[in-house]
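Examination of the molecular architecture
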Amino acid sequence: MLQVKLWWLTLLSCAVLLFSTTGTPYAADSDKGRRKVVHVLEDDTGAVIVQTAPGKVVTHRGGTITLPCRFHHEPENVDPARIRIKWTKVTDAFQFQDVFVALGRQQRAFGPYRGRVDLEEAGPGDASVIIHNITLEDYGRYECEVTNDMEDDTGFVSLDLEGVVFPYYTRLGRYKLNYHEAEDACKQQDAILASHSQLHKAWLEGLDWCNAGWLEDGSVQYPIAHPRDQCGRKDTPAGVRNYGYRHKDDERYDAFCFTSKLNGQVYFLKRFKKVNYPEAVKACQRDDSTVAKVGQLYAAWKFQLLDRCEAGWVEDGSVRYPIVNPRSRCGGSEPGVRNLGFPDKKFRLYGVYCFRKYSGSPEVQTTTAPFKTTTKFTNSTGRI
């Protein structure tokens, strides 16, 4: 019987009892040196049964991660060249995307995974794969399938990303995006539509937003940390309110976007005078950079601790500024990215936030732990 056993990542500080692994997922500095937990039991026949604690592997955009999967075959004298290993990504709608397949020495990666996926090959029974230069789209659930002739078994592992969820609407106003437009709007701002689990995690961290938005599974939801009458009644409990799955073409809402670490730096361009939007674009270009996208500004606030009490243009024509350390003159008592809306591009004057991509390898090498900011927003715009 061919049995596939997943080795899920845990954060418990224990030694590996059996089948130690060589690949180490991204972890905070304080977690370095910690190993995966594997409990080994024997049944009445003496066959080894591996049981692992469930969990997720966690990395960040630009990082490298191992999706762990091991198998044990009985009898053990099977020809390795007859073992077929296949990895597939599974979406919430139970659609399947081929990622990687190996049969003996023959290996092939598919689509956007080409050139980024390799077998770990840490020894017999290892079906783990290593994914390099992680993208936002890599987030999700993966199936590991091992086949020997007519026998096969599968297991699953989830890939999670360190990141930040932010609500988004365009210059057109609130509730103007169908599902496909919301998806495009997030991509244009260096993000993707958030998943329910990402939105729920953001709510646990304090995200409070009174406007419903699309999620990647086609549902419409919104997080309420402080119940009030204008947001579904004051006497209802806090939580993520769910409108269910909506018509993707006909119904219109805002969007909840998700982004992760940057392969570059966002900075406020120091100038002696404020500029309109066309002048802001040219100013960043002269500084060998581009106007920062909304998702890039949020990522810089979350991971680079960008804190600037000056309003500046961003790529979509809105004016925003990031606050890590709240103070009364900078828009309130909570950290977050303040939004002053979409002023006239020609006649209103502000600073500008620019983005400069790191030169060299596209892979982000830093393993610094993300700053534990409390993600709270208000629906009203503020003034400096």
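It should be noted that the structure appears before, not after, this text.
Residues numbered from 1 in each chain as written. Predicted model: local features only at pLDDT ≥ 70, side-chain atom pairs only at ≥ 80, totals over all residues. Heavy atoms only, no water.

Across the seven residues that make up strand E25 (residues 351-357), a large majority, five, are buried. Pairing geometry for strand E20 (residues 264-268) and E25, over five bridges, is antiparallel. Bridge pairing links Gly264 to Lys357 in E25. Bridge count between strand E22 (residues 312-313) and E25: two bridges; the pairing is parallel. (Buried < 20%, exposed > 50% of the residue type's maximum accessible area, 1.4 Å probe, protein only. Helix = DSSP H or I, 4+ residues; strand = E, 2+ residues; numbered from the N terminus. Pairing = 2+ DSSP bridges.)

Below, the discussion takes up the sheet that holds strand E5 (residues 65-67). Strands sit in the order E5-E11-E10 across an open sheet of three strands; the sheet is antiparallel. Each end of this open sheet is capped by a strand with a single partner; those strands are E5 and strand E10 (117-119). Here the average twist between neighbouring strands, direction ignored, is 30°. Relative to strand E11 (residues 129-131), E5 is paired through three bridges, and the arrangement is antiparallel. By the bridge assignment for E11, Thr66 is matched with Ile130. (Axes fitted to C-alpha atoms, helices over the stretch in contact; angles between N-to-C directions.)

With that settled, consider the state of the cysteines. Inspection of the entire model under this criterion finds five disulfides. Disulfide pairing is shown between Cys69 and Cys144; the S-S distance is 2.2 Å. Between Cys69 and Cys144, the disulfide has an S-S torsion of -75° and is therefore left-handed. Of the two residues, Cys69 is situated in strand E6 (residues 69-73) and Cys144 in strand E12 (residues 140-148); the sequence distance between them amounts to 75 residues. Across the pair, Cys144 and Cys69 agree in class, each one buried. Note on cysteine connectivity: Cys210 is disulfide-linked to Cys231, with sulfurs 1.8 Å apart. Judged by the sign of its S-S torsion, about -125°, the bond between Cys210 and Cys231 is left-handed. Of this pair, Cys210 sits in the loop between helix H2 (196-204) and strand E16 (213-214) while Cys231 sits in the loop between strand E17 (219-224) and strand E18 (239-245), placing them 21 residues apart in sequence. The burial state of Cys210 is the same as that of Cys231; both residues are buried. Among the cysteines of the chain that take part in disulfides, numbered as they appear in the sequence, the pairing is 1-2, 3-6, 4-5, 7-10, 8-9. (Disulfide = S-S within 2.5 Å.)

So, on to the nonpolar core. Among the nonpolar cores identified, the biggest contains 91 residues, and Leu67, Ile85, Trp87, Phe100, Val266 and Tyr353 are the most heavily contacted of them. It is helix H4 (residues 294-303) that provides the largest number of residues to this core, a total of six residues. Sequence-distant contacts of Phe100, that is, excluding residues within four places in its chain, are made with Ile85, Lys86, Trp87, Gln107, Arg108, Ala109, Phe110, Val117, Leu119 and Val129. (Core = buried A, V, L, I, M, F, W, Y, C linked by side-chain atoms within 4.5 Å. Contact = heavy atoms within 4.5 Å.)

The next subject is helix H1 (residues 179-188). If you check which residues of H1 are buried, you get Tyr179, Ala182, Ala185 and Cys186. On an axial view of H1, the arc spanned by its buried residues comes to 120°, and they lie on one face. Between a side-chain oxygen at the N-terminus of H1 and the backbone nitrogen of His180 the separation is 3.1 Å; the capping residue is Asn178. Directly after H1, the chain includes Asp190, whose backbone phi takes a positive value near 60°. (Arc of directions from axis to C-beta. Polar contact = N/O pair within 3.5 Å; in protein donor to acceptor, adjacent residues only side chain to side chain.)

This is a description of form; function is not addressed.
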